[in-house]
Amino acid sequence: MSKDRSSNFELLRLLCIFGILMMHTFGGIDTSVSFFNTEIHVLVNSIFNMGVTCFILLSGYFGIRFDFKKLIRLDLMIIFFTIFGTIAVGNLGIKALIKSCIPVISRYYWFISCYFFLCFLTPFLNQIPEKLSKENFEKLLAVLLLLFSVIPTFGFFEIMQDGGKGLVHMVMIYLLGRYLALYHNRSHNTGGRLFLGLFLSIGFIFLADSSLTFVRGKLYTTFCRDCSIFIIFGSVMVLLLFRELNFHSRFINRAAGNVLAVYVLDGTVQTFLLKWIDFKPYAGSWFLVFLAIGYALAIMIIACLLNEVRKATIGRLEPWLVNVVNAVVMWGVNAVRGVVRRLLTYFIG
């Protein structure tokens, strides 16, 4: 099920997190003071909101093998930086501190919570393409895409009411990634058709959202939501384009290992940077986008360095902590299983 990840896919992961930071950066700027920058804002969303979907597609393409210890290690990193960030910004309320200690369960970061739950489901999800024929697997994907993407895209209402930022969407995209890995593994000699598909997808999103923004007088992101069929289609084109590349870079692979840490640290780093950086005077400037690019790159670099420091210091304790947490959890699971079994035996027989 697994494939060796060359640096082309790791580069894609870095570009995805950069795009997410660009969206977060523009989200904090009032671009309505400038028609040009409003259009740039729409374009940024049209291109970079494919980032999250690409992340999930990659997980599906390579297939997730459930590894509880690996999840514990990831959770320890998330807990450390969440508590660090909560204290660093001075949010010392009891509720905030409790949530920062259990970020996955409390949905502190929607993507990470859904990703963890997806990992617990993958032992079962991975059996779907194994048990179903290609034809039935395609029918399943068609039904999922119709219900949770096509209808929300064109109907302007959605079943899940989450804009695609939820577990149902993540399961659907994961299965789509599995399909691409199993049945769409031929190489494209030229990326012409893929580039055309990507261009048309971005072009439609931009024109549609730009028109809605102009007519309604405020920023609209209807067609660039995660659940948008155009975002999903464009993300598939991006994944297939990067699959055509084949190179290795130790630097890129090392940097890509910090992607989730960048996602977790984004808010904390921005809180400190915004004490010295004010985008308001430049909200109407033609070079705002270049300032945003530099700002997003600065967040990435700072977050990567912080995670590298963590790995070299407290991170050395993680193997021991992982074993301790794993032992405690397994003891708890077995204890609960025993209690449930006794209750069922007593009441049901």
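Everything here concerns the structure above.
On a predicted model such as this, the values are computed, not experimentally measured, just so you know.

**Q** Before we go on, may I ask you to explain the overall build of the protein chain in this structure?
**A** When you go through the protein chain residue by residue, the secondary structure sums to 15 helices and zero strands. Computed over its C-alpha atoms, the radius of gyration of the protein chain comes to 22 Å, within 12% of the 20 Å expected for a compact globule of 349 residues. Going through the 349 residues of the protein chain one by one, you find that 48% of them count as buried. A separation of at least 24 residues holds for 82% of the contacts in the protein chain among residues at least 6 apart in sequence. Just so you have it, the protein chain exposes about 18,500 Å², and 68% of that area is on carbon and sulfur atoms. One way to put it: in the protein chain the 31 positive side-chain charges average out to a point 7 Å from where the 18 negative ones average out.

**Q** For this particular structure, what's the right way to read the pattern of salt bridges?
**A** Oppositely charged side chains are able to pair whenever their charged atoms sit close together. Per the stated rule, a full pass over the model turns up eight salt bridges. Among the salt bridges present, the one from lysine 139 reaches glutamate 135, with a minimum N-O distance of 3.7 Å. With a gap of four residues between them, lysine 139 and glutamate 135 both fall in helix H8 (residues 134–155), about one helical turn apart. On the accessibility criterion, glutamate 135 (51% relative accessible area) is exposed. A salt bridge links arginine 225 to glutamate 158, with the shortest nitrogen-to-oxygen separation between them at 3.1 Å. Of this pair, arginine 225 sits in the loop between helix H10 (192–216) and helix H11 (229–243) while glutamate 158 sits in the loop between H8 and helix H9 (167–183); the two residues are 67 residues apart in sequence, bridging distant segments of the chain. Of the two residues examined, arginine 225 and glutamate 158, each falls in the buried class.

**Q** What is the right way to look at the packing of aromatic side chains in this model?
**A** One pair of aromatic rings is described through two measures. These are the centre distance and the angle between the planes. By the definition in use, this model includes 25 aromatic pairs. Between tyrosine 179 and tyrosine 183 the ring centres are 5.3 Å apart and the planes differ by 45 degrees, which places this aromatic pair in the tilted class. Of the two residues, tyrosine 179 and tyrosine 183 both sit in helix H9, four residues apart, roughly one turn of that helix. Judged by relative accessible area, which is 29%, tyrosine 183 ranks as partly exposed. An angle of 90 degrees between the planes, with centres 5.5 Å apart, marks the rings of phenylalanine 204 and phenylalanine 223 as edge-to-face. You can see phenylalanine 204 sitting in helix H10 and its partner phenylalanine 223 sitting in the loop between H10 and H11, a full 19 residues away along the chain.

**Q** Which parts of the structure should I look at to understand a nonpolar patch on the surface?
**A** Taken together, the side chains of Val143, Leu146, Leu147, Ile151, Phe157, Ile159, Met160 and Val168 present a nonpolar region at the surface, about 640 Å² in accessible area. The greatest single-element share of the nonpolar patch, amounting to four residues, is contributed by H8. In this structure, methionine 160 sits in the loop between H8 and H9.

**Q** Explain H9 to me, please; I cannot follow it from the model alone.
**A** The α-helix advances 3.6 residues per turn, and as a result positions three or four apart in sequence lie on the same side. Over its 17 residues, H9 runs 24 Å from end to end, which matches the ideal 24 Å to within 8%, given 1.5 Å per residue. Among the 17 residues in H9, 13 count as buried, and that is most of the element.

So, how was this worked out
- By convention here, each chain's residues receive numbers from 1 onward along its written sequence.
- Reporting of local features is limited, given that this is a predicted model, to residues whose pLDDT is at least 70; pairs of side-chain atoms are given and counted only at 80 or more, and all residues count toward the totals for whole chains, interfaces and linings.
- Side-chain metrics in this entry use all non-hydrogen atoms of the structure; hydrogen atoms and water are not considered.
- Helix and strand definitions here come from DSSP, where helices need a minimum of 4 consecutive H or I residues and strands a minimum of 2 consecutive E residues; each element is numbered from the N-terminal end.
- Here the radius of gyration uses the C-alpha set of atoms, whereas the globule reference equals 2.2 Å times the residue count to the power 0.38.
- For every residue, the accessible area (1.4 Å probe, protein chains only) is compared with the maximum for its type, and the residue is labelled buried under 20%, exposed over 50%, or partly exposed between those bounds.
- For this analysis, residues touch if any pair of their heavy atoms sits within 4.5 Å.
- A 1.4 Å probe and the Shrake-Rupley method give the accessible areas. Residues count as covered only by the protein chains that appear here.
- Only four residue types enter the tally: Lys and Arg on the positive side, Asp and Glu on the negative side, with His and both chain ends excluded.
- Charge placement uses NZ in Lys and CZ in Arg. For Asp and Glu, CG and CD serve respectively.
- Whenever Lys or Arg places a side-chain nitrogen within 4 Å of a carboxyl oxygen from Asp or Glu, that contact is recorded as a salt bridge.
- Pairing of aromatic side chains here covers Phe, Tyr and the six-membered ring of Trp, requires ring centres within 6.5 Å, and sorts the geometry by plane angle: under 30 degrees stacked, over 60 edge-to-face, intermediate tilted.
- Patches here are clusters of residues that have more than 30% relative accessible area and form no salt bridge, with a 9 Å joining cutoff for like charges and a 5 Å cutoff for nonpolar side chains (Val, Leu, Ile, Met, Phe, Trp, Tyr).
- One less than the residue count of a helix, multiplied by 1.5 Å, gives the span that helix is expected to have.

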